[in-house]
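One-letter residues, chain by chain:
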Amino acid sequence: KQWYQRRVRGDFVIHHGVVDPVISFVQDETPLTFLRNIVWVIANLCRNKAPPPAPETIAKVLPALFKLVQHTDNEVLTDACWALSYLTDGSDEQIQTVLNSGVTPYLVKHLAQTDVRVLTPAVRAVGNIVTGSEHQTQAALDCKCLHYFPALLQHHKESIKKEAVWTISNITAGTKVQIQAVIDEGLIPLVINALKTGDFNTQKEGAWSVSNMTVNGTPEQIKYLIEQGAIPNMCNLLGVRDTQIVQVLLDGLNNMLETSKPDCDAICRMIEDCGGLDKIEELQKHQNKQIYKLAFDIIDKYFSTEDYLEGENEENFEFNQQQLAPEGGFNF
């Protein structure tokens, strides 16, 4: 009820012309205490999502936010970044309007903030931008946003880490060039560590990150993902109750197997050695038909072949569980 009243009142005051007088106070000479109140009002005017602020309202507040996001006061910065996070949480057209304002480089700089009050909405806003088109994602990457993600992916606050992994998941859903940028920044081992050690919400975003990479990456990029230890950590989550995440993980493993030929048997053994095969076999009994079918198809296509079964029966076969890849790497 409170959210509904706030939305209705926001629409009401915007309709009655509050925006122009409010943004007129965004001046250097405005007392700091009053300016903090002004930016709080602006953030709340931007908060509506259904429906979002009208394009003309967004066009009016963005120049003010462009100035406010460069302020030195953290309270002002916090609400300015929240306003931008609300405005970027919309259509590609709305995201583009924010990008066109020139605010993104200043927003990205706040990814280095030590004040979590500012950092939280800054990460969210950058994450929202990369949910847009590949060109909009590239605009954020061109502002060197990935430079800040090693620290974000290891942040002491779990909510920041989760937002960072979520952002990476949207970048790995992009182009091969954008995936390579994530690799070149050294972020994949950190994403896999988050998949392994994060709380469940963070792990879910990690699952999307690696699975998206298996869909959109090159064979060499998927090879790199496997060599960084993705498979055991993906298999560890196959027993969770979240059916969507189980399906995402199975899709990722299936894509790895499909891409890894002729090293498919080596991938199969990695899956078996970490207990993944047992979990996939168990998922053939799953009540969700899509999970059941995907698990069945993986077993039937990759674990029932003559080559794999013969390899299992070879007495002289040795496999080091600590070795993530065959000697010399996978030959994709």
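Cut-offs used in this document
- Residues numbered from 1 in each chain as written.
- Predicted model: local features only at pLDDT ≥ 70, side-chain atom pairs only at ≥ 80, totals over all residues.
- Heavy atoms only, no water.
- Helix = DSSP H or I, 4+ residues; strand = E, 2+ residues; numbered from the N terminus.
- Buried < 20%, exposed > 50% of the residue type's maximum accessible area, 1.4 Å probe, protein only.
- Contact = heavy atoms within 4.5 Å.
- Areas by Shrake-Rupley, 256 points an atom, 1.4 Å probe, with all protein chains shown as cover.
- Polar contact = N/O pair within 3.5 Å; in protein donor to acceptor, adjacent residues only side chain to side chain.
- Axes fitted to C-alpha atoms, helices over the stretch in contact; angles between N-to-C directions.
- Parallel < 35°, antiparallel > 145°, perpendicular 65-115°, else oblique.
- Left-handed = near helix turned anticlockwise from the far one by under 90°.
- Nonpolar A, V, L, I, M, F, W, Y, C, P; charged D, E, K, R; others polar.
- Core = buried A, V, L, I, M, F, W, Y, C linked by side-chain atoms within 4.5 Å.
- Arc of directions from axis to C-beta.
- Phe/Tyr/Trp six-rings, centres within 6.5 Å; stacked < 30°, edge-to-face > 60°.
- Salt bridge = Lys/Arg side-chain N within 4 Å of Asp/Glu carboxyl O.
- pLDDT = per-residue confidence, 0-100.

A. Representation of the overall build of the chain in the model. Counting its secondary structure elements, the chain contains 21 helices and zero strands. The buried share among the 332 residues of the chain stands at 46%. Across the chain, every contact between residues at least 6 apart in sequence was considered, and the portion connecting residues at least 24 apart equals 72%. Entry remark: accessible area of the chain is about 16,200 Å², with carbon and sulfur atoms responsible for 49%.

B. Inspection of the side chain of Asn 128 at higher detail. Considering the arrangement of structural elements, one finds Asn 128 in helix α8 (residues 116-129). There is a polar contact of 2.9 Å between the side chain of Asn 128 and the backbone oxygen of Ser 85. Contacts of Asn 128, omitting those with residues within four sequence positions, involve Ser 85, Thr 88, Asp 89, Ile 95 and Trp 166.

C. Structural view of the packing of helix α14 (residues 200-216) against helix α15 (residues 219-227). At a minimum axis separation of 8 Å, α14 and α15 run at an interaxial angle of 150 degrees. One finds that α14 runs roughly antiparallel with respect to α15. Both α14 and α15 take part in a crossing whose hand is left-handed. The residues of α15 that touch α14, namely those facing Val 210, Met 213 and Thr 214, are Gln 221, Ile 222 and Leu 225. Among the residues making up the contact of α14 with α15, the classes are represented as four nonpolar, two polar and no charged.

D. Geometry of the nonpolar core. Counting 98 residues, the largest nonpolar core has Ile 42 and Leu 65 as its most contacted members. Here this core gets eight residues from one element, more than from any other, and that element is helix α17 (residues 243-259). Once you skip the residues sitting within four places of it in the chain, Leu 65 turns out to touch Ile 42, Cys 46, Ala 80, Ala 83, Leu 84, Leu 87 and Val 103.

E. Looking closely at helix α19 (residues 276-283). Looking only at α19, the buried set comprises Gly 276, Leu 277, Ile 280 and Leu 283. Viewed along the axis of α19, the buried residues span an arc of 120 degrees, placing them on a single side of the element.

F. Looking closely at the environment of Arg 47. When you line up the elements, Arg 47 lands in the loop between α3 (32-45) and α4 (55-68). Taking the C-alpha atoms as reference points, Arg 47 and Asp 89, 42 residues apart in sequence, are found 9.5 Å from one another.

G. Fine view of the packing of aromatic side chains. Following the criterion strictly, the structure yields four aromatic pairs and no others. Between Phe 66 and Tyr 106, the aromatic rings sit 5.4 Å apart at their centres with planes inclined by 85 degrees, giving edge-to-face as the arrangement. Placement of Phe 66 in helix α4 and of Tyr 106 in helix α7 (residues 104-109) is noted, with a sequence separation of 40 residues between them.

H. The pattern of salt bridges, seen in detail. Tallied over the entire structure, the rule returns 14 salt bridges. Taking the shortest distance from any N to any O, the salt bridge between Asp 28 and Lys 67 comes out at 3.5 Å. Here Lys 67 lies in helix α4 and Asp 28 lies in the loop between α2 (19-23) and α3, a separation of 39 residues in the sequence. Residue classification places Lys 67 among the partly exposed residues on the basis of a relative accessible area of 34%. Between Asp 73 and Arg 36 there is a salt bridge; the shortest N-O distance is 2.8 Å.

I. Broad picture of unusual backbone geometry. Residues other than glycine seldom take positive phi values, yet Lys 144 does so here, at roughly 65 degrees. Assignment of secondary structure puts Lys 144 in the loop between α9 (134-142) and α10 (149-152). Judged by relative accessible area, Lys 144 falls into the exposed class, the value being 59%.

J. Main features of the side chain of Ser 209. With respect to the secondary-structure elements, Ser 209 resides in helix α14. Residue Ser 209 is classed as buried on the basis of its relative accessible area, which comes to 2%. If near-sequence neighbours (up to four positions away) are discounted, Ser 209 is found in contact with Val 165, Ile 168, Ser 169, Thr 172 and Val 191.

K. Region of the structure containing the environment of Ala 80. For Ala 80, the position within the fold is in helix α5 (residues 74-88). Distance in space between the C-alpha atoms of Ala 80 and Ile 42 is 8.0 Å, their sequence separation being 38 residues. With residues near it in sequence (within four places) discarded, Ala 80 still touches Val 39, Leu 65, Leu 68 and Val 69.

L. Seen up close, the confidence of the model for the chain. Here the chain averages 90 in pLDDT, while 87% of its residues score no lower than 70. Residue range residues 1-8 is modelled with pLDDT below 50. Its contacts to residues more than four positions away, or to other chains, number five contacts. Predicted confidence for residues 314-323 stays below pLDDT 50, and this span has five contacts to residues more than four positions away or in other chains.

M. A look at the environment of Thr 172. Structurally, the position occupied by Thr 172 is in the loop between α11 (158-171) and α12 (176-184). With relative accessibility at 1%, the residue Thr 172 sits in the buried group. With 38 residues separating them in the primary sequence, Thr 172 and Val 210 have C-alpha atoms 7.6 Å apart. If we skip the residues at most four places from it in the chain, Thr 172 touches Ile 179, Trp 208, Ser 209, Asn 212, Met 213 and Asn 216.

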